[in-house]
Amino acid sequence: MDKKIVIVGAGVAGVNAATKLVDNGYPGNLITIIDMGKDPYNRKPEEVMTGFLGAGGWSDGKLTYHTAIGGQLSKYCGEEKAMELMDQVITNFKRFHPKPEEVQCSNPEEEPDFIKPYFGLRLFPVWHVGTDYLSEIAKNWYDYLVSKGVQFHWEAKVTSIDFNKNDIFVKELNQETIKKQGFPDFELSYDELIFAVGKSGIDFAQQLAQDYKLPDEPKSVQIGVRFEAPQEHFQKLIDISYDFKLYRKFDDEGVSLRSFCTNNNAAYVAVEETYGDHSYNGHAKKDEAYRNNMTNFGILMEINGIEDPFTWSRNIVNKLQYTYKPHNPLGNDRTGLYYSPSRKPSTTSEGTEVSSTQISLDTLTHVVEPVMEGYFKYVMDFIQDMKKVFPTLGDDWGIYIPEVKYLSPEVKVDYKNLSLIDYSNVHFVGDALSARGITVSGAQAIYVAENLLK
Ligand SMILES: Cc1cc2nc3c(=O)[nH]c(=O)nc-3n(C[C@H](O)[C@H](O)[C@H](O)COP(=O)(O)OP(=O)(O)OC[C@H]3O[C@@H](n4cnc5c(N)ncnc54)[C@H](O)[C@@H]3O)c2cc1C
């Protein structure tokens, strides 16, 4: 236990790694954490992405507890270990909570019979820490780490890392600190590095991946449609699970489908513009004034085995804009498509029509199907089976085409300690690796810390 450990990022991952280390007797003075944000006493509520406890640990705090939610974990360490690691993260949040008895767990019951045999319903517990308590949790947690001797550098941005010489280069962002110490930049060496920069450091992570030609994991394509219908047809399921996740898998064909990001009550379809093309998403308003009694969710296909998923998806999204645009009400010359057997496109929460070109079944069959290289049939089968499970649905629905998720590359790591293949003392964790949630980010970091303790 005499190695100098540097952690870049005091987010959910970095903080959990340090906690695991000091809890097990690792000398705090050998651990340095650098973050471009502020400590929890100086961090403002609106500083959403940077500072102690990072992104979701400061502003939301819903702890999901399932290995299929929140990014990659069990692929590295197996199911059982993954659950145990996530438990440790949840325990840490409770441990520093001023009123741990107020942490609530919502845990939907068994899969309802009426959706079988057509769909699976992914049910998972969620721990609600309580947004109002996050700043107090952060302060208690920070005080503990400081009391153990952990060294923090706040408002200090890591600008480059030399993986060969084990050196990191840091730029001070706080003018007063610069004045006090008399220099704007400093260098630090490490024996082990935990790289935990989260979403706010994604460009930096990608830059390093490029500079060091880090190999990455094969990714899947994530493409589909945004489905919309009156809420009444789905109410029976919404009562069981508000953000229900229906799924089905075709292992032999490398395709799985899931409903994604369900919005209810005051639910609106939103147009997203990425790389100059339109795709669709959804959001829900809280204010009752916006209630429209609609439900929308993505029906996303995960397609494996496509060589360059990013380029493939971009081409398809692009073709779905140009293929059919005879009468776009907004006058744009590029927009996505809308198909419904009976409905018209809805309006946005601002009251304008959701930008889309309504197409016929014929166009759906003869244009969209071939553009999607035969994969669109999975979406249509999904909808056909929803009609069986939700009998009042009938033709009372519409789809906005396409919805797409462009996944950022995930660097290849050694599964036993999440270290880079060519740099065994550099460990990537959290959103900077493959996580997409608090519990998984923290769990990956604890996994690395456990390995360092061995
Ligand atoms: C508004 C919001 C709400 C969310 N709500 C939830 C939720 O309820 N439940 C859930 O599971 N997930 C939620 N998430 C996702 C979740 O926050 C992330 O998955 C999680 O925080 C990732 O942890 P991390 O430690 O990898 O990164 P982060 O928590 O993002 O921390 C990264 C840290 O690295 C620092 N950093 C970045 N680059 C540098 C650099 N170059 N030099 C120095 N420091 C750097 C940043 O300042 C930041 O503090 C939410 C995300 C957001 C944005």
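Residues numbered from 1 in each chain as written. Predicted model: local features only at pLDDT ≥ 70, side-chain atom pairs only at ≥ 80, totals over all residues. Heavy atoms only, no water.

Draft legend 1. Seen up close, the side chain of Glu-217. Here Glu-217 is to be found in the loop between α7 (202-211) and β12 (221-230). When near neighbours in sequence (up to four residues on either side) are disregarded, Glu-217 contacts Lys-75, Glu-410, Val-411, Lys-412 and Tyr-415. (Helix = DSSP H or I, 4+ residues; strand = E, 2+ residues; numbered from the N terminus. Contact = heavy atoms within 4.5 Å.)

Draft legend 2. Representation of the pattern of salt bridges within the structure. Applying the stated criterion to the full structure yields 19 salt bridges. The shortest N-O distance in the salt bridge between Glu-450 and Lys-20 comes to 3.6 Å. With a gap of 430 residues between them, Glu-450 in helix α12 (residues 438-453) and Lys-20 in helix α1 (residues 12-23) connect regions that are remote in the sequence. Across the pair, exposure class does not vary: Glu-450 and Lys-20 are buried alike. For Glu-450, the salt bridge goes to Lys-81, with nearest N and O atoms at 2.8 Å. Placement of Glu-450 in helix α12 and of Lys-81 in helix α4 (residues 79-95) is noted, with a sequence separation of 369 residues between them. Given a relative accessible area of 17%, Glu-450 falls into the buried group. Of the residues examined, Lys-81 reaches a relative accessible area of 24% and is grouped as partly exposed. (Salt bridge = Lys/Arg side-chain N within 4 Å of Asp/Glu carboxyl O. Buried < 20%, exposed > 50% of the residue type's maximum accessible area, 1.4 Å probe, protein only.)

Draft legend 3. Molecular detail of the packing of α1 against α12. Contact geometry of α1 with α12 gives a least axis separation of 7 Å together with a crossing angle of 35 degrees. Judged by the twist between their axes, the crossing of α1 over α12 is right-handed. Seen from α1, the contacting residues are Val-12, Ala-13, Asn-16, Ala-17, Lys-20 and Leu-21; seen from α12, they are Ile-438, Ser-441, Gly-442, Ala-445, Ile-446, Ala-449, Glu-450, Leu-452 and Leu-453. Of the residues belonging to the contact of α1 with α12, the class tally is 10 nonpolar, 3 polar and 2 charged. (Axes fitted to C-alpha atoms, helices over the stretch in contact; angles between N-to-C directions. Left-handed = near helix turned anticlockwise from the far one by under 90°. Nonpolar A, V, L, I, M, F, W, Y, C, P; charged D, E, K, R; others polar.)

Draft legend 4. Geometry of the sheet that holds strand β14 (residues 255-263). With respect to topology, 8 strands assemble into an open sheet ordered β5-β13-β14-β17-β12-β20-β18-β19, the strand pairing being mixed. The sheet is open, and its two edges are formed by β5 (120-121) and β19 (357-359), each paired on a single side. Pairing analysis gives 10 bridges linking β12 to strand β17 (residues 294-303), with the strands arranged antiparallel. Looking at the pairing, Val-221 lines up with Ile-303 of β17. (Pairing = 2+ DSSP bridges.)

Draft legend 5. Broad picture of unusual backbone geometry. The omega angle of the peptide bond from Lys-116 to Pro-117 is 5 degrees, so this bond is cis rather than trans. Considering the arrangement of structural elements, one finds Pro-117 in the loop between β4 (104-106) and β5. The backbone of Glu-155 shows a phi angle near 50 degrees, a positive value even though the residue is not glycine. As for its position among the elements, Glu-155 is in the loop between β7 (151-153) and β8 (156-162). Here Cys-261, not a glycine, exhibits a phi torsion of approximately 55 degrees, which is positive.

Draft legend 6. Molecular detail of the site of the ligand. With respect to spatial proximity, 34 residues lie near the ligand, and among them Ala-13, Asp-35, Gly-56, Lys-62 and Ile-438 are the closest. Within the backbone of Asp-431, an N or O atom sits 2.9 Å from an oxygen atom of the ligand. In this structure, Gly-437 approaches the ligand through a main-chain N or O atom, which is 3.0 Å from an oxygen atom. Summarising the interface, the protein chains cover 88% of the accessible area of the ligand, which totals 1000 Å² for the free molecule. Only α1, α2 (56-59), β8 and α12 provide two or more residues apiece to the shell around the ligand. Ranked by the residues each element gives to the shell around the ligand, the list is headed by β8, at 3 residues. (Near = heavy atom within 4 Å. Polar contact = N/O pair within 3.5 Å; in protein donor to acceptor, adjacent residues only side chain to side chain. Areas by Shrake-Rupley, 256 points an atom, 1.4 Å probe, with all protein chains shown as cover.)

Draft legend 7. Fine view of the sheet that holds β8. Spatial strand order, β8-β9-β10: 3 strands in an open sheet with antiparallel pairing. The open sheet has two edge strands with one neighbour each: β8 and β10 (185-189). Across the sheet, the axes of successive neighbouring strands diverge by a mean angle of 25 degrees, strand direction being ignored. Two strands pair when backbone bridges link them, and β8 and strand β9 (residues 167-172) are joined in this way by 6 bridges, in the antiparallel orientation. Residue pairing for β9: Ile-161 is matched across the bridge by Ile-168.

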